[in-house]
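Structure at a glance
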Amino acid sequence: MHNNLPENWPHVNYIMRYSVGLLQRTSELLRSGAALGTGTLLMTVLVWTDTIVVRLLRGEQAAGVYAAGNRAALALAMLAAFYVQGAFPLLSQTSPESAVRFRHFFQRVYDDLALLFIPGSIWAIFYAPEVMWLLFKRLGYLAAVPVFQTFQVALLFFVMNGLYGTGVLLASHRDRLYRRVLVATSVIFLLSCPVLAFRWGIEGAALATLASQIFSFVLFYVGSRSLVRPRHGQALLLPCLFGLAAAVAGSLLRFSLLPAASVLMLVYAVLFAMRLRSPQLAGSMEVASKNTL
């Protein structure tokens, strides 16, 4: 019995050290993902609570109409979040290495998101009744048009908050600030949504969402000023002008939904062609590499 103890002890010691190391690595992994996990939970609150409030205050029918008006924007916001998450490893890697490279890649993501979402959102605001009719074919759902239009504006702030929150603060390891912003936004939303929904129904709930996203954007933007210096004109000017042109042209010419959508697709094709032919885009990687030397 006593002779076996020294022989087995190296194996026991190895198992103990391996277990301790595994627990430490697991603890570090959980801590590193805590901010993103907390953010996911709080975003769930921001996305789903308004529908629950509308159902409690206005009933099932109002909740159904409200959901019809906001789901398209929320689905697109999720796609934007996936895009930012795809860029997150590169942003997180370059953040501690070079401020120049980090700002360069941030601007690339900013430009891409603006090009993808701004023209369509502007166009959808103008053609909201036609879109709602195409989707549901029932007059009752036209009551969701103001909700749909409000959420098209809120969509842009959802996108920007994902960009600044995940793409800047989390990528730069400002996890505590990221959590504080989302907690403050959730508190503002939970306080304002029941009040506005009680006063103005589904339109009030949509306004509460928009107001909370604007509030969140202001906090994210202020918290990111020392980390990025975005060129807003470069990212926003052409998408806004082209999106507005597509919407106004369709309205003035009294296009129905299908021809108007064709104009929007043409606008996107022109924007993408301009983006691909941009000398700045073609040489961006080379310029960023030279700036880091």
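As the structure is a computational prediction, the values presented were derived from the model and not from experiment.

**Some thoughts on the overall build of the protein**
Check the secondary structure of the protein and you find 11 helices and zero strands. Seen in sequence order, the protein has helices and strands lined up from the N terminus as α-α-α-α-α-α-α-α-α-α-α. Counting every position in the protein, which comprises 293 residues, the buried fraction comes to 42%. Residue pairs in contact within the protein that sit at least 24 positions apart in sequence constitute 81% of those at least 6 positions apart.

**Brief notes about a nonpolar patch on the surface**
Side chains of Phe 126, Leu 244, Val 248, Leu 252, Leu 253 and Phe 255 sit close together on the surface and give an oily, nonpolar patch of about 550 Å² of accessible area. Here Phe 126 lies in helix α4 (residues 99–126). The class of Phe 126 is partly exposed, set by a relative accessible area of 38%.

**Things to note about the confidence of the model for the protein**
For the protein, the average pLDDT comes to 84, and 80% of its residues sit at 70 or higher. Averaged over each element, pLDDT in the protein is lowest for helix α11 (residues 284–292) (40) and highest for helix α6 (residues 145–170) (95). Segment residues 25–30 is flagged for pLDDT under 50; beyond a separation of four residues in sequence, or across chains, it makes one contact in the model. A low-confidence stretch, residues 282–293 (pLDDT under 50), is modelled with 11 contacts involving residues beyond four sequence positions or located in other chains.

**Notes on α6**
If you check α6, its first and last C-alpha atoms are 35 Å apart, about what 26 residues at 1.5 Å a residue would give, namely 38 Å. The largest bend in α6 is about 25°, located at Val 153. Within α6, 20 of the 26 residues are buried, leaving the element largely enclosed by the surrounding structure.

**A look at the packing of helix α5 (residues 128–136) against α6**
Helix packing for two helices is described by the angle between their axes and how far apart those axes are. Running from N to C, α5 and α6 point in directions that differ by 115°, and their axes come no closer than 9 Å. By the angle class used here, α5 and α6 are roughly perpendicular. For the pair α5 and α6, the sense of crossing is right-handed. For the pair α5 and α6, the contacting residues are Ala 128, Pro 129, Val 131 and Met 132 in the first and Val 145, Phe 148 and Gln 149 in the second.

**Topic: the nonpolar core**
Core analysis: the largest hydrophobic core is formed by 69 residues, its most contacted members being Tyr 66, Phe 106, Leu 113, Trp 123 and Tyr 164. Where this core is concerned, the elements lending two or more residues are α2 (34–58), α3 (60–94), α4, α5, α6, α7 (175–223), α8 (232–252) and α9 (257–276). Take this core: its biggest share by element is 14 residues, from α6. With residues near it in sequence (within four places) discarded, Trp 123 still touches Val 131, Ala 246, Ala 247, Leu 257, Ala 260, Ala 261 and Leu 264.

**A short note on the packing of α4 against α6**
At a closest axis distance of 10 Å, the pairing of α4 and α6 adopts a crossing angle of 170°. Relative to α6, the element α4 is oriented roughly antiparallel. Together, Phe 102, Phe 106, Val 109, Tyr 110, Leu 113, Phe 117, Ile 118, Ser 121, Ala 124 and Ile 125 of α4 and Phe 148, Gln 149, Gln 152, Val 153, Leu 155, Leu 156, Val 159, Met 160, Leu 163, Tyr 164, Gly 167 and Val 168 of α6 make up the contact between the two elements. Among the residues forming the contact of α4 with α6, the class breakdown is 18 nonpolar, four polar and no charged.

**Section: α3**
In this model α3 runs 48 Å from its N-terminal to its C-terminal C-alpha over 35 residues, within 8% of the 51 Å that 1.5 Å per residue would give. Its axis deflected by about 40° at Phe 88, α3 carries its strongest bend there, up to four residues before the proline Pro 89.

**Brief notes about the packing of aromatic side chains**
With the rule as written, the count across this model stands at 11 aromatic pairs. Here the aromatic rings of Phe 106 and Tyr 164 are separated by 5.4 Å at their centres, their planes lie at 65°, and the arrangement is edge-to-face. One end of the pair, Phe 106, is in helix α4; the other, Tyr 164, is in helix α6, with 58 residues separating them in the sequence. For the residue pair Phe 106 and Tyr 164, the accessibility class agrees, reading buried in each case. Three or more aromatic residues joined by ring pairs make a cluster, and in this case those are Phe 106, Tyr 110, Phe 157, Tyr 164, Phe 217 and Tyr 221.

**Considerations on the environment of Phe 242**
Along the chain, the position of Phe 242 falls in helix α8. Of the residues examined, Phe 242 reaches a relative accessible area of 23% and is grouped as partly exposed. The spacing of Phe 242 and Ile 118 is 124 residues in sequence and 9.2 Å in space, taken between C-alpha atoms.

**Here's the deal with the environment of Arg 103**
Looking at the element boundaries, Arg 103 is found in helix α4. Sequence-distant contacts of Arg 103, defined by excluding residues within four places in its chain, comprise Ser 226, Leu 227, Val 228 and Arg 229. Here Leu 227 takes part through its backbone oxygen, which lies 3.2 Å from a polar atom of the side chain of Arg 103.

**Digging into unusual backbone geometry**
Positive phi outside glycine occurs at His 173, with the angle close to 65°. Residue position: His 173 is located in the loop between α6 and α7. Located in the positive-phi region is Arg 254, a residue other than glycine, with phi close to 55°. Inspection of the secondary structure puts Arg 254 in the loop between α8 and α9. With a relative accessible area of 75%, Arg 254 lands in the exposed category.

Rules of the game
Residues numbered from 1 in each chain as written. Predicted model: local features only at pLDDT ≥ 70, side-chain atom pairs only at ≥ 80, totals over all residues. Heavy atoms only, no water. Helix = DSSP H or I, 4+ residues; strand = E, 2+ residues; numbered from the N terminus. Buried < 20%, exposed > 50% of the residue type's maximum accessible area, 1.4 Å probe, protein only. Contact = heavy atoms within 4.5 Å. Patch = residues over 30% accessible without salt bridge, like charges linked within 9 Å, V, L, I, M, F, W, Y side chains within 5 Å. Areas by Shrake-Rupley, 256 points an atom, 1.4 Å probe, with all protein chains shown as cover. Salt bridge = Lys/Arg side-chain N within 4 Å of Asp/Glu carboxyl O. pLDDT = per-residue confidence, 0-100. Expected span 1.5 Å × (residues − 1). Bend = angle between axes of the 7 residues up to and from the residue. Axes fitted to C-alpha atoms, helices over the stretch in contact; angles between N-to-C directions. Parallel < 35°, antiparallel > 145°, perpendicular 65-115°, else oblique. Left-handed = near helix turned anticlockwise from the far one by under 90°. Core = buried A, V, L, I, M, F, W, Y, C linked by side-chain atoms within 4.5 Å. Nonpolar A, V, L, I, M, F, W, Y, C, P; charged D, E, K, R; others polar. Phe/Tyr/Trp six-rings, centres within 6.5 Å; stacked < 30°, edge-to-face > 60°. Polar contact = N/O pair within 3.5 Å; in protein donor to acceptor, adjacent residues only side chain to side chain.

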